[in-house]
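Residue-level listing of the chains:
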Amino acid sequence: MSVVRVLIVDDQMMIRSGIRALLETGEGVDVVGEAGDGRRAVDMARALAPDVILMDLRMPVLDGVGAILQLRDDATTADIGILVLTTFDTDQNVLAALQAGANGFLGKSADHEELTRAVRRVAAGGTSLSADATDTVVGHLADTARRQWPHQVASPEDLRRAASLTSREREVATLVAQGLGNDAIAERLFISPLTAKTHVNRAMSKMQVRDRAQLVVAAIRAGLLDD
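Summary of the structure given here. What you see is a predicted model; the values in this text were computed from it and never measured.

1. Some thoughts on the overall build of the protein
- In terms of regular secondary structure, the protein is built from eleven helices and five strands.
- Residues counted as buried form 50% of the 227 residues belonging to the protein.
- Counted over contacts in the protein with a minimum sequence separation of 6, partners at least 24 positions apart contribute 65%.
- Carbon and sulfur atoms make up 51% of the accessible area of the protein, which totals about 10600 Å².

In structure tokens:
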């Protein structure tokens with residue numbers, strides 16, 4: 001099992017220490033550094049080349065969204081996995097972080113198993129909102145998007161991509177945006193989970209998004225929930 005190299009970024013030392021302790025209780029994860037602000041995080045990422053960055057959003061000097069934008073704009077750090085650390089009830093920038101290029105998000109109250117699983121998933125090129133994500137987590141994202149964009153006007157590009165979806169793909173993308181996982185989609189549409197996954201993947205490709213989390217954002221922006 002390959003070792004995943006992790007950089008922890010949070011302005012609170014106690015949170016960084018707690019996350020480090022959780023990660024170091026198991027094998028296969030090496031915490032290579034800690035940063036207390038976004039600027040320091042960008043510098044350390046360039047110097048240390050971690051596999052995954054656990055990124056807080058609310059920080060001094062440079063916030064998490066700003067740091068993600070800089071990391072994605074630099075060829076030396078563009079491919080690093082970024083997992084946003086959030087308190088769902090208070091952070092309002094999760095969607096902005098996903099649009100900036102984060103690979104998903106995780107609650108700061110996550111236990112060792114949840115944290116390690118999410119870190120490994122992102123290190124492998126996936127997202128913390130992959131097909132086995134809980135409906136609750138994806139549903140939270142959809143609810144947040146609807147609150148932040150109650151009157152979102154889709155761009156011509158949003159509409160063009162949405163129009164390229166088949167009726168089934170459009171239906172599946174809408175259900176993803178409503179917070180349903182593959183199993184729930186399969187049950188709702190009387191299809192197999194594998195078929196549901198295939199439709200989700202095709203919808204992501206046509207909407208030109210990286211992962212399930214961004215499909216939620218894209219579907220809401222394109223007005224699929226208003227159909």
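2. Digging into the pattern of salt bridges
- Counted by the stated rule, this structure contains ten salt bridges.
- Residues E113 and R117 are paired through a salt bridge, measuring 3.4 Å at the closest nitrogen-oxygen approach. With a gap of four residues between them, E113 and R117 both fall in helix α5 (residues 112-123), about one helical turn apart.
- With a relative accessible area of 54%, E113 lands in the exposed category.
- Of the charged contacts, one joins R160 and E157 as a salt bridge, the two residues approaching to 2.5 Å between their closest N and O atoms. Of this pair, R160 and E157 both sit in helix α7 (residues 156-163), separated by three residues, roughly a single helical turn.
- By relative accessible area, which is 43% here, R160 ends up partly exposed.
- Linked through salt bridges whose partners overlap, the residues forming this network are R16, R20, E24 and E34.

3. Quick notes on the pairing of strand β3 (residues 52-55)
- On β3, burial covers both faces: V52 and L54 on one face and I53 and M55 on the other are all buried.
- Inspection of the sheet shows strand β1 (residues 4-9) paired to β3 by four bridges, in the parallel sense. Residue L7 lies in a different strand from β3, and its bridge partner there is I53.
- Here β3 pairs with strand β4 (residues 81-86) via four bridges, running parallel. Its bridge partner being in β4, L54 is matched across the sheet by L83.
- Between the parallel pair β3 and β4, the chain is carried across by helix α3 (residues 64-72), and the sense of this crossover is right-handed.

Conventions we followed
- Residues numbered from 1 in each chain as written.
- Predicted model: local features only at pLDDT ≥ 70, side-chain atom pairs only at ≥ 80, totals over all residues.
- Heavy atoms only, no water.
- Helix = DSSP H or I, 4+ residues; strand = E, 2+ residues; numbered from the N terminus.
- Buried < 20%, exposed > 50% of the residue type's maximum accessible area, 1.4 Å probe, protein only.
- Contact = heavy atoms within 4.5 Å.
- Areas by Shrake-Rupley, 256 points an atom, 1.4 Å probe, with all protein chains shown as cover.
- Salt bridge = Lys/Arg side-chain N within 4 Å of Asp/Glu carboxyl O.
- Pairing = 2+ DSSP bridges.
- Right-handed = clockwise from strand over helix to strand, strands pointing away.

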